[in-house]
Amino acid sequence: MSFAAFKMMHWPTGIENCGSGFITHCSADFVPQIPPIQPDDLESDWPAAKPIGPIPNLIVTAGNVLEVYVVRVQEEGGSSRDSRGTLEAKRGGVMAGISGASLELVCHYRLHGNVETMGILSMGGADGGRKRDSIILGFQDAKISVLEFDDSIHGLRTSSMHCFEGPDWLHLKRGRESFARGPQVKVDPQGRCAGVLVYGLQMIMLKAAEAGSSLVSDENAFSAGGAVSARIESSYIISLRDLDMKHVKDFIFVHGYIEPVVVILHEQELTWAGRVSWKHHTCMISALSISTTLKQHPLIWSAANLPHDAYKLLAVPSPIGGVLVISANTIHYHSQSASCMLALNNFAVSVDSSQEMPRSSFSVELDAANATWLQNDVAMLSTKTGELLLLTLVYDGRVVQRLDLSKSRASVLTSGITTIGNSLFFLGSRLGDSLLVQFSCGMGASTSPHGVKEEVADIEGDTPSSKRLRRSPSDALQDMVNGEELSLYGSGPNNSQSAQKTFSFAVRDSLINVGPLKDFSYGLRTNADPNATGIAKQSNYELVCCSGHGKNGALCVLQQSIRPEMITQEQLPGCKGIWTVYHKNTRSHSVDSSKTALEDDEYHAYLIISLENRTMVLEAASNLEEVTEAVDYYVQGSTIAAGNLFGRRRVIQVFARGARILDGAFMTQDLSFRAPNSDSGSSSESLTVSSVSIADPYVLVRMTDGSAQLLVGDPSTCSVSISVPSVFEGLKKLISACTLYYDKGPEPWLRKTSTDAWLSTGIGETIDGADGTSNDQDDVYCVICHENGTLEIFDVPNFNCVFSVDKFVSGKTHLLDSFIMEQSGDLQKTSNKNAEELPGQARKENIQNLTVAELVMHRWSGTHSRPFLFGLLTDGTILCYHAYLYEASENASKNEEVDAQNSVSLSSVSSSRLRNLRFVRVPLDSYVREDIPSGIPCRRMTFFKNVGGYQGLFLSGSRPAWFMIFRERLRVHPQLCDGPIDAFAVLHNVNCNHGLIYVTSQGILKISQLPSVSCYDNYWPVQKIPLKGTPHQVTYFAEKNLYPLIVSVPVLKPLNQVLSSLVDQEVGHQIEHDNMSFDGSYSVDEFEVRILEPEKSGGPWQIRATIPMQSSENALTVRVVTLLNTTTKENETLLAVGTAYVQGEDVAGRGRVLLFSIDRNPDNSQISVSEVYSKELKGSISALASLQGHLLIASGPKIILHKWTGSELNGVAFFDAPPLYVVSLNIVKNFILLGDIHKSIYFLSWKEQGAQLSLLAKDFGSLDCFATEFLIDGSTLSLIVSDEQKNVQIFYYAPKMSESWKGQKLLSRAEFHVGAHVTKFLRLQMLPTSSDRTSAASASDKTNRFALLFGTLDGSLGCIAPLDELTFRRLQSLQKKLVDAVPHVAGLNPRSFRQFRSNGKAHRPGPDSIVDCELLCHYEMLSLEEQLEIANQIGTTRAQIISNFNDLNLGTSFL
């Protein structure tokens, strides 16, 4: 393993920062909605529904992932009802006139750097709410990027970058190397400036640009589409050290001043726990008035004597103003004129003990709380235990008189909260699922309708019930207040009686999170197939991960590939395609209004199976009996396509030379195709149908010679006629792929992109309304791709070209109508064209034959959904585009009058163009392209509207995959378990509810359903099993298919009981009980080992046994070990548990090692766990492993090897390295790798004959290890270690090298910055790939090649895989090119992100032998011309690079 590739496979999901702002729209864009007419019975329940104001976007960051969401609100009784009618009832009931709210993804970026902090620069409603907000991101050390949303590219664009690192800014660090935390961004509420605190004491002031300033010039306004975002104009530095501040804890901008005012919380002199009784009020706040023009910052007021544990400031909104200081035991309010405080528990002390403090009615600790404002006098705090508290400022219009704190519901443990608009807030969490919650505030008595009364439990996600398949099974916990509502008493500003505020909450949406992954194990799935081989065998396995903390603790079962649950299977060789069709009786068709309600639940009538030279027809409604003889289908040859026409009243079946229309089993029409221009039969013999696209009532047929014909249906007679559109007749260009796009729904989407005013106003409604039928307007468009790569969209049936793009094949990041580009005088375009033709023949032959093999365009159901366009190229690439709307401003239309003589024709053409339509390319993550054999690709993309409640697209072929649509985002999940799949269709009947039917290339037809327990709205399908405790370590007992798991649950214990356990009993220091009587209780973690068994049906996992620990004993490690019993000479598989007693610093550390045997009773499958052995040792038992039948125990500072006699463990060898605490032990053959918490890694070997453990080598650096593992590549062994600075290092042992000091020192082979704490490595054998089969010589070397799968605390998973040198050199030179060739989001440099971070410790840089696939994956997103150019520059070909990517993806397609 001299060279490796680093590849992420599952990106971070734990949300660290969240914020809200008007990023993609401005607040003035919201049209005030006319409230729907309420039915009478509701008016009594609700006073008047509060109007929903403008709703800002939600911006979240998780690790290095940045996502922008838009919140979609469904109003009760609104117009969105009929379009969403088929979907499930919204979660949370109806509240305040809103029946549901959901998050929809706008854009998703993976940055080359972890977002440390985020602020939203908003103009605070200046300029009539016309301006948009910008996102300020802060990155490690002192990098700041400001991003704004650009409508023309439907994505974020960097508007300014500020960097205060490097040699010019060294003086800012003042000689220090490491800093406790990264930068912090805070923004002035009116958007005049922003402050960033870097290097502890340097405040960078970013001055925002004024609206009329020179920076925002006219051309900029045009490019941003008329909407201007807030921008930063300049910056300067304030050194807080010069203002006599030493230790800054937090700062914030306050409301209500003419100039921006920043309040800084800082500590004058430090104190610590041992000094607190003398020195406790050490903090103070200082308010500085910031003048950005004069760069002056006078102190305007300050307040001293704040408690030492104050850590957070909250700016109170206008009209109250001032600032809240939050500390662990008190809350203080300060403004220029008044101050008050509230004590939260018994630990609160006043400055002088004489003073009496107002106390809250209940006791709570507020360290590590997060907060946001629900109203201008109510703040919501989220505590470290997940409780939500409401803090009211009792305000009499002049001063704040007192603070009131009251309990609310319990919820997830948050990492940040943000309020979205005036009725929603978002709880971002790193430890559980993040929730979008709606709140509603009423005065007086509780006025909740029935929808909210059911929500008396906590604010949690849903329970994983099979009824609600679409929702993520989130952590549902009912351990807190079950009170109906919660009340805040406070006197309102204008009435003297106590007005009571009641808040009610409803969870509206949740984002799933699988982090933090503390540990995972690799085991068999419940539906594994023992006969599988090759890559298909991988989908027998799953990862069972310990994730979450406290009450959000859960087991996450992760699988990279989908394995459907099989209902039945049949042998069916030679199948070419399968279709399922509906059939509606003509009688029932008159009742057209009920169409929408029943459409989803109608059973399929027939299943049509096309074999090589015949067609089978099966009756699909009940048990699939063959009715081939009894129906009038064409059964003498194979079928090309089948589908429904005329509202499911007819079926059309298309075969090679013709088509049939059938009503149920009876044929009503028979058509045959022939070449349009030749009547003689001779030439039309060879002309057959190659592909078909059906969009009721049209059928588009592409012939093998590249021509196309359209079948037009007449709904009144239910008959079809053939027409060849005039556009196609004169065509010399051949059509390589074509499809029909059916734009249906209450408001067709593509109409909005046309410039015709009358089209977009929906005149169709009036036409339809007279008829009395439903007013769904259906537009059909025809999308065509020519052999030369041009893409055109025509409207049907007139066949006017409404959109066209040159060179669709090249896969540009954005597609826009070429008609507009020509008008706007785009001169670069012509120059580019010449440049492309110039280079020699070498480049041309490479892509001469690259055409589009298949094209589909589809819009899934949903009120705001936008169409997707998929193009499959002949080399296996999939281009996926998402349509969006961009209205260019007036400047574009001025250019229309450029050519006076053309203006007439121009305007007539341009009026019907979809000039506002654009497409943005969507990257497809885990998709492995297949090598398409030459000839006609027989693969298909099949849409599904409802398979197990999900919608999307299934891709058949040699690498089948599911593309599912969630929140307007595509999730790609491969399906490996059956190998290549030839045909796919949805099937809904009595025995198979919303299931699927597919045929594998081995000729097996399988009818199955999607597993309902998994949630697919994640990078990998995941099933969460709530534990209601913190999971620590999990292992897999393969023989019995059980998962032993360490769980700790907090338990409240009396304080004096806890204290007595902290005293060493042997020394006999008994506490004198008379003078130490403590009341109260203290929360202690109690540990147990649970033995879980996966449930066959996919329900919740069963706890088969629990092994409790003693009091104050922590279980640290659990492992399944195989020991050689020296008396019987047989191997025994036992469960080993290592523990430690945690009793404070006065008691000497000790621990126990426990061995258990697990037996399963064959009759009733009960598990019996019996303790075989237990022994107490000095020091904590932090790691265990079995080494050639012996048990290796890390006990405190010793490593001891024991042999097992069947009744006891006897030590045979030991090693006294100076490790402090062993984090991990790994064993390969007789080699041992151990990682220490501070002392890096040791490499030992065990010799049987001398019975000795000897140190081979160690790393002499000091490194705080997190995880270690061996990396095996052929015959080379490497050692890999991850550390606390989020790096990974690979070492090797080379005693012959002189720099290894005669073999004492491990040498570095590679180092890399992962950007997340890696907590566990798992060694898995790499899978064989296509290129391995060709070179038989190196086959033996390739078989023994292993990759390491790793999990991190961010919730991400990835792998480190060995590469051979040739591939590595090729990819490394590509990587160097891509650093400059790709525009990186937020301007971050991928090279500096991947540099080893040593946090100020001396570190000698190691070799750069790891390539970063996170950067390499941008290569496939470049356009074809750029890909060829770059490949040419580094002296290789595009095909070679892509085959290297493919081999890496294939070799690591685990799980």
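Visitor: Explanation requested: the packing of aromatic side chains in the structure shown.
Guide: To describe a pair of aromatic rings, you give the distance between the ring centres and the angle between the ring planes. Using the criterion set out here, one finds 36 aromatic pairs in the structure. Summarising the aromatic geometry, the rings of F870 and F963 are spaced 6.0 Å apart at their centres and angled 85 degrees between planes, so their arrangement reads as edge-to-face. You can see F870 sitting in strand β53 (residues 868-873) and its partner F963 sitting in strand β58 (residues 961-966), a full 93 residues away along the chain. With a relative accessible area of 0%, F870 lands in the buried category.

Visitor: What am I meant to see in the environment of A1148 here?
Guide: Inspection of the secondary structure assignment puts A1148 in the loop between β69 (1130-1141) and β70 (1150-1160). Taking relative accessible area as the criterion, A1148 reaches 53% and is therefore assigned exposed.

Visitor: Help me understand the sheet that holds strand β25 (residues 400-410) in this model?
Guide: Hydrogen bonding along the main chain pairs the strands of a sheet, whether they run parallel or antiparallel. What the four strands build is an open sheet, ordered β22-β23-β24-β25; its pairing is antiparallel. A single partner strand is all that each edge strand has here, and the edge strands are β22 (370-375) and β25. Each strand of the sheet is rotated relative to its neighbour by a mean of 25 degrees, with strand direction disregarded. Sheet analysis places strand β23 (residues 378-382) next to strand β24 (residues 387-395), joined by five bridges and oriented antiparallel. In the sheet register, A379 faces β24, and the bridge partner there is L391.

Visitor: Got a minute to help me understand the nonpolar core in this structure?
Guide: Soluble globular proteins tend to pack their nonpolar side chains together in the buried interior. Residues L543, L1349, L1374, L1378 and Y1419 are the most contacted members of the largest nonpolar core, which totals 65 residues. At six residues, strand β1 (residues 3-10) tops the list of elements feeding residues into this core. Once you skip the residues sitting within four places of it in the chain, L543 turns out to touch F520, S521, Y522, C556, V557, L558, W1020, L1322, L1349, L1357 and L1455. Among the nonpolar cores identified, the runner-up in size contains 29 residues, and L750, F803, L914 and L917 belong to it.

Visitor: What should I look at first to understand unusual backbone geometry in this one?
Guide: Trans is the common state for peptide bonds, and a negative phi is the common state for residues other than glycine. Backbone torsion omega between S318 and P319 reads 5 degrees, so that peptide bond is classified as cis. For P319, the position within the fold is in the loop between β18 (310-315) and β19 (323-327). Residues D696 and P697 are joined by a peptide bond in cis, for which omega reads 5 degrees. Looking at the secondary structure, you find P697 in the loop between β43 (689-695) and β44 (698-703). Even without glycine at this site, H994 takes up a positive phi of about 45 degrees. Backbone geometry at K1229 places phi at a positive 50 degrees, although glycine is not the residue there. By the element assignment, K1229 lies in the loop between β76 (1222-1228) and β77 (1231-1236).

Visitor: Just checking my understanding: could you explain empty space enclosed by the protein for this structure?
Guide: Summed over all chains, the structure comprises five cavities of 30 Å³ or more. Reported here for the second largest cavity is a volume of approximately 210 Å³. Contributing to the lining of the second largest cavity are 18 residues, with E67, Y69, L511, I512 and R971 lying nearest its centre. Elements represented by at least two residues in the lining of the second largest cavity include exactly β3 (57-62), β4 (65-75) and β59 (969-974). Partitioned by chemical class, the residues of the lining of the second largest cavity number ten nonpolar, three polar and five charged.

Visitor: Please clarify how the pairing of β77 should be interpreted in this entry.
Guide: On any regular strand, side chains alternate: one points to one face of the sheet, the next to the other face. Most of β77 sits inside the fold, with five of its six residues counted as buried. Both β76 and β77 contribute to a ladder of six bridges, which runs antiparallel. Among the inter-strand pairings, V1228 is bridged to a residue of β77, identified as F1231. Taken together, β76 and the strand that follows it, β77, pair antiparallel across an intervening segment of two residues, in which K1229 is found at a positive phi of about 50 degrees. Sheet topology note: the β77/strand β78 (residues 1241-1247) ladder contains five bridges and is antiparallel. Bridge pairing links G1235 to I1241 in β78.

Visitor: Please clarify how the sheet that holds strand β2 (residues 17-21) should be interpreted in this entry.
Guide: Pairing is antiparallel across the open sheet formed by four strands, whose spatial order is β2-β3-β4-β5. The strands lining the two open edges of the sheet, one partner per strand, are β2 and β5 (98-110). Pairwise comparison of adjacent strand axes, ignoring direction, gives a mean angle of 25 degrees for this sheet. Alignment of β3 against β4, held across five bridges, turns out to be antiparallel. Pairing of I59 across the sheet is with V68, part of β4.

Visitor: Is there a simple way to think about the state of the cysteines in this case?
Guide: Cysteine pairs can be covalently joined through their sulfur atoms, and such a bond is termed a disulfide. Scanning the model with the defined rule gives zero disulfides in all. As a non-bridged cysteine, C1359 has C1413 as the owner of its nearest cysteine sulfur, 7.7 Å distant. For C1359, a relative accessible area of 1% puts it in the buried group. Free of any disulfide, C1417 has its nearest cysteine sulfur in C1413, 8.0 Å distant.

Visitor: Help me understand the packing of helix α21 (residues 1424-1433) against helix α22 (residues 1438-1451), please; the structure alone is not making it clear to me.
Guide: Where α21 contacts α22, the axes come no closer than 8 Å and their chain directions differ by 95 degrees. For the element pair α21 / α22, the angle class is roughly perpendicular. Contacts from L1424, Q1427, L1428 and A1431 of α21 reach α22 at R1438, I1441 and I1442.

Visitor: Honestly, the confidence of the model for the protein in this entry has me stumped. Any pointers?
Guide: Close inspection of predicted coordinates is inappropriate in any region flagged by low pLDDT. Mean pLDDT over the protein: 82, with 81% of residues reaching 70 or higher. The low-confidence segment residues 444-457 (pLDDT under 50) makes 34 contacts with residues lying over four places distant or belonging to another chain.

Visitor: What is the right way to read the side chain of S521 from this model?
Guide: Relative to the elements of secondary structure, S521 occurs in strand β31 (residues 519-524). Once you skip the residues sitting within four places of it in the chain, S521 turns out to touch E542, L543, V544, V1034, T1035, Y1036 and Y1043.

Visitor: Before we go on, may I ask you to explain α22 in this structure?
Guide: Structural remark: α-helix, 3.6 residues per turn; residues separated by three or four positions point the same way. For α22, which comprises 14 residues, the first-to-last C-alpha distance of 20 Å matches the rise-based estimate of 20 Å (1.5 Å per residue) to within 8%. Buried residues dominate α22, accounting for eleven of its 14 residues. Residues of α22 that are buried include every one of R1438, I1441, I1442, N1444, F1445, N1446, D1447, L1448, N1449, L1450 and G1451, and no others.

Basis of the calculations
Residues numbered from 1 in each chain as written. Predicted model: local features only at pLDDT ≥ 70, side-chain atom pairs only at ≥ 80, totals over all residues. Heavy atoms only, no water. Phe/Tyr/Trp six-rings, centres within 6.5 Å; stacked < 30°, edge-to-face > 60°. Helix = DSSP H or I, 4+ residues; strand = E, 2+ residues; numbered from the N terminus. Buried < 20%, exposed > 50% of the residue type's maximum accessible area, 1.4 Å probe, protein only. Pairing = 2+ DSSP bridges. Axes fitted to C-alpha atoms, helices over the stretch in contact; angles between N-to-C directions. Core = buried A, V, L, I, M, F, W, Y, C linked by side-chain atoms within 4.5 Å. Contact = heavy atoms within 4.5 Å. 1 Å grid on protein atoms, 1.4 Å probe; cavity = no way out; pocket = protein on both sides within 12 Å on 5 of 7 lines; lining within 4 Å. Points joined across faces, edges and corners; volume = space filled by probe spheres on them. Nonpolar A, V, L, I, M, F, W, Y, C, P; charged D, E, K, R; others polar. Disulfide = S-S within 2.5 Å. Parallel < 35°, antiparallel > 145°, perpendicular 65-115°, else oblique. pLDDT = per-residue confidence, 0-100. Expected span 1.5 Å × (residues − 1).

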